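One letter stands for each residue in the lines below.
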Amino acid sequence: MIQKLALVAATLTAALVLAGGLALAGFGNTQSGAADMQVVDQVVAPVDVPAPPEPTVQVDTIYLTPVEKPQEITVTKVKVATRQGGEQENEGGDD
């Protein structure tokens, strides 16, 4: 039961620290509403904005070597002759 109480206390403390940090950073609930806003009736003339200059394009040439055709490799199996006993020297046998 005491663990649950400690968990609730830690959760409330973390929430209060988070709310305080957000309030200090300016993310809190502010009382500014429509009363603080001013409406300005001013006609603004359109401004001619010059077009941005065209970017220069530099083309790089990349030289690649042609792909070589894969070579065909033929493997032939050769049967190795065994001794008369049928046991190879490296097989162990009766040491």
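First things first, this report covers the structure right here in the doc. Since we're looking at a predicted model, the values are computed, not measured.

Basis of the calculations
Residues numbered from 1 in each chain as written. Predicted model: local features only at pLDDT ≥ 70, side-chain atom pairs only at ≥ 80, totals over all residues. Heavy atoms only, no water. Helix = DSSP H or I, 4+ residues; strand = E, 2+ residues; numbered from the N terminus. Buried < 20%, exposed > 50% of the residue type's maximum accessible area, 1.4 Å probe, protein only. Areas by Shrake-Rupley, 256 points an atom, 1.4 Å probe, with all protein chains shown as cover. Patch = residues over 30% accessible without salt bridge, like charges linked within 9 Å, V, L, I, M, F, W, Y side chains within 5 Å. Salt bridge = Lys/Arg side-chain N within 4 Å of Asp/Glu carboxyl O. Expected span 1.5 Å × (residues − 1).

## Considerations on the overall build of the protein chain
Working step 1: If you tally the helices and strands in the protein chain, you get one helix and zero strands.
Working step 2: Across the 95 residues of the protein chain, 0% fall into the buried class.
Working step 3: Accessible surface, the protein chain: about 10800 Å² in total, of which carbon and sulfur atoms supply 60%.

## Comments concerning a nonpolar patch on the surface
Working step 1: Among the surface-exposed residues, L18, L22 and F27 lie close enough to one another that they form a single nonpolar patch of about 340 Å² accessible area.
Working step 2: Mapped onto the elements of the fold, L18 is located in helix α1 (residues 2–25).
Working step 3: L18 sits in the exposed class, given a relative accessible area of 54%.

## What to know about α1
Working step 1: End to end, α1 covers 35 Å across 24 residues, agreeing with the expected 34 Å (1.5 Å per residue, within 8%).
Working step 2: Just downstream of α1 lies G26, where phi reads positive at about 100 degrees.

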